[in-house]
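In case you want the letters, here they are:
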Amino acid sequence: MSSSSGTGKRKEIYKYEAPWTVYSMNWSVRPDKRFRLALGSFVEEYNNKVQVVSLDEDTSDFVVRSTFDHPYPTTKIMWIPDAKGVFPDLVATSGDYLRVWRVNENDTRLECLLNNNKNSDFCAPLTSFDWNEVDPNLLGTSSIDTTCTIWGLETGQVLGRVNLVSGHVKTQLIAHDKEVYDIAFSRAGGGRDMFASVGADGSVRMFDLRHLEHSTIIYEDPAHHPLLRLCWNKQDPNYLATMAMDSLEVIILDVRVPCTPVARLNNHRACVNGMAWAPHSSCHICTSADDHQALIWDIQQMPRVIEDPILAYTSDGEINQIQWASTQPDWIAICYNNCLEILRV
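Residues numbered from 1 in each chain as written. Predicted model: local features only at pLDDT ≥ 70, side-chain atom pairs only at ≥ 80, totals over all residues. Heavy atoms only, no water.

Concerning the overall build of the protein
Thought 1: Within the protein, the regular secondary structure consists of zero helices and 28 strands.
Thought 2: Over its C-alpha atoms the protein spans a radius of gyration of 20 Å, differing by no more than 12% from the 20 Å that the globule rule assigns to 345 residues.
Thought 3: The 345 residues of the protein split such that 54% are buried.
Thought 4: For the protein, the computed accessible surface area is about 15700 Å², with 49% contributed by carbon and sulfur atoms. (Helix = DSSP H or I, 4+ residues; strand = E, 2+ residues; numbered from the N terminus. Rg over C-alpha atoms; globule rule 2.2 N^0.38 Å. Buried < 20%, exposed > 50% of the residue type's maximum accessible area, 1.4 Å probe, protein only. Areas by Shrake-Rupley, 256 points an atom, 1.4 Å probe, with all protein chains shown as cover.)

Thoughts on the pattern of salt bridges
Thought 1: Per the counting criterion, the structure on display carries 19 salt bridges.
Thought 2: We note a salt bridge from Asp32 to Arg30, for which the minimum N-O separation is 3.3 Å.
Thought 3: In this structure, Arg192 engages Asp193 in a salt bridge whose closest nitrogen and oxygen atoms are separated by 3.9 Å.
Thought 4: Look at Asp193 and you get buried, because its relative accessible area is 13%. (Salt bridge = Lys/Arg side-chain N within 4 Å of Asp/Glu carboxyl O.)

Overview of the sheet that holds strand β18 (residues 227-232)
Thought 1: Reading across from one edge, β18-β19-β20-β21 is the order of the four strands in this open sheet, with antiparallel pairing throughout. Each edge of the open sheet carries a strand with a single partner, namely β18 and β21 (263-265). For this sheet, the mean angle separating the axes of adjacent strands, direction not counted, is 25°.
Thought 2: The pairing of β18 with strand β19 (residues 239-244) spans five bridges and is classified as antiparallel. By the bridge assignment, Arg229 is partnered in β19 with Met243. (Pairing = 2+ DSSP bridges. Axes fitted to C-alpha atoms, helices over the stretch in contact; angles between N-to-C directions.)

Some thoughts on the nonpolar core
Note that soluble globular proteins tend to have their nonpolar side chains buried in a common cluster.
Thought 1: Residues Ile252 and Ile299 are the most contacted members of the largest nonpolar core, which totals 20 residues.
Thought 2: Other than its neighbours up to four places away in sequence, Ile252 contacts Tyr239, Leu240, Ala241, Pro261, Val262, Ala263, Leu265, Trp277, Ile285 and Met302.
Thought 3: Counting residues in hydrophobic clusters, the runner-up holds 19 residues, among them Tyr16, Trp20, Leu37 and Val53. (Core = buried A, V, L, I, M, F, W, Y, C linked by side-chain atoms within 4.5 Å. Contact = heavy atoms within 4.5 Å.)

Focus: a nonpolar patch on the surface
Thought 1: Nonpolar side chains collect at one region of the surface, where Ile310, Leu311 and Val345 lie side by side and expose about 260 Å² of accessible area between them.
Thought 2: Tracing the backbone through its elements, the reader meets Val345 in the segment after β28 (339-344). (Patch = residues over 30% accessible without salt bridge, like charges linked within 9 Å, V, L, I, M, F, W, Y side chains within 5 Å.)

A short note on the sheet that holds strand β14 (residues 180-185)
Thought 1: With respect to topology, four strands assemble into an open sheet ordered β14-β15-β16-β17, the strand pairing being antiparallel. For this open sheet the edge positions go to β14 and β17 (216-220), each flanked by a neighbour on one side alone. Each neighbouring strand pair of the sheet contributes to a mean axis angle of 20°, computed without reference to strand direction.
Thought 2: Relative to strand β15 (residues 194-199), β14 is paired through five bridges, and the arrangement is antiparallel. By the bridge assignment, Asp182 is partnered in β15 with Val198.

Comments concerning the environment of Leu228
Thought 1: For Leu228, the position within the fold is in strand β18.
Thought 2: Along the primary structure Leu228 and Ile183 are separated by 45 residues, whereas in three dimensions their C-alpha atoms are 9.9 Å apart.
Thought 3: Excluding its chain neighbours within four sequence positions, the residues that come into contact with Leu228 are Tyr181, Asp182, Val198, Met243, Ala244 and Met245.

Focus: the confidence of the model for the protein
Thought 1: With 94% of its residues at a pLDDT of 70 or more, the protein shows a mean pLDDT of 92.
Thought 2: Note on residues 1-8: pLDDT is under 50 here. Beyond four places in sequence and across chains, it has zero contacts. (pLDDT = per-residue confidence, 0-100.)

Regarding the side chain of Thr141
Thought 1: Locating Thr141 in the fold gives a position in strand β11 (residues 138-143).
Thought 2: Taking the relative accessible area as the measure of exposure, Thr141 reaches 2% and is therefore buried.
Thought 3: Side chain to side chain, Thr141 and Trp151 meet in a polar contact 3.3 Å long.
Thought 4: With residues near it in sequence (within four places) discarded, Thr141 still touches Leu98, Leu126, Ser128, Phe129, Thr147, Cys148, Thr149, Trp151 and Ile183. (Polar contact = N/O pair within 3.5 Å; in protein donor to acceptor, adjacent residues only side chain to side chain.)

Digging into the side chain of His268
Thought 1: Counting through the fold element by element, His268 comes out in the loop between β21 and β22 (272-277).
Thought 2: In this structure the side chain of His268 is engaged in a polar contact, spanning 2.8 Å, whose partner is the side chain of Thr287.
Thought 3: A polar contact is formed between the side chain of His268 and the side chain of Asp291, at a distance of 3.0 Å.
Thought 4: Setting aside residues no more than four positions away along its own chain, His268 makes contact with Leu248, Thr287, Ser288, Ala289, Asp291, Gln293 and Leu295.

Thoughts on the UniProt feature "repeat: WD" (unreviewed entry) in the protein
Thought 1: Mapped onto the present numbering, the UniProt feature "repeat: WD" (unreviewed entry) falls at residues 265-307.
Thought 2: In residues 265-307, the share of helix is 0% and the share of strand is 44%. The end C-alpha atoms are 8 Å apart. (UniProt positions renumbered as here; feature names shortened; annotations may be inferred.)

With respect to the environment of Val134
Thought 1: Among the structural elements, Val134 can be located in the loop between β10 (126-131) and β11.
Thought 2: Looking at Val134, the relative accessible area reads 49%, which means it is partly exposed.
Thought 3: Residues Val134 and Arg192 lie 58 residues apart in sequence; the distance between their C-alpha atoms is 6.2 Å.
Thought 4: Apart from residues no more than four positions distant in its own chain, Val134 is found in contact with Gly190, Gly191 and Arg192.

Next comes the structure, spelled out in structure tokens:
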């Protein structure tokens, strides 16, 4: 601990302004890289960017560690869920394809591009993906072509100074009747084999890699509005959250009680864009929306009605992304316009 008298109390909010509108964002998981995030640009043309930034805790400023080109905006960005730091330092992005990048001290390099449409010049864009926490050699992607693909990743032996990373399709399945907008692995049943997806047909569907011949519909939007995101509770695999397009609320589901929401979080005054469960608690979730607000909810009272959030933060713009840091549970990150803010909760 430095005992400089001028610092006083640690700041509660740190802000970074990117050179472009920020859309995708994710916290690094490695224990030796505190306060490191990756950000993806949203520019409506081919040339987009990804930046790796980290907070210099001495100066309280964010430092850009690397910037690299990305074709089209990233629909999602995610660091390898490697809390022990035993895998290579990888970050993945989805857009036209799934790409896995290696982050070095001064630059970031493409390790592999995963494309499962070998016989065509056209690709079906990927809407999202998830990286399996129990087995970081597994990733799942969701696509507008109605499919989900599960990928196996090989992080090969070190040859000279190079770890070779490659991937192959483990399985591809038609998951929905229309576009699939999100996919997320469940921690249930060992955490490797079960995942859920949501899509334009308004349903949440659950799959098991060991029994792919059938799926379970957990929920269907009554008006068949597209469901855009889903998010599993980090501590209790029975609960997940989802949200419909242009909706003002986040719906909490219990897989043991299919088709009936156990809670509706509906204090936002404009459409919800993001949600993230607490990494360390089964009863806390944060949501963000076009009303500039990030709200934290305590859902312990379920199935009694959850009236109000326990914390609210108002930003200077429409919040399009919210992420709760898994290794630093008292920090939440939000994005709006060209800004990233991290907030101590």
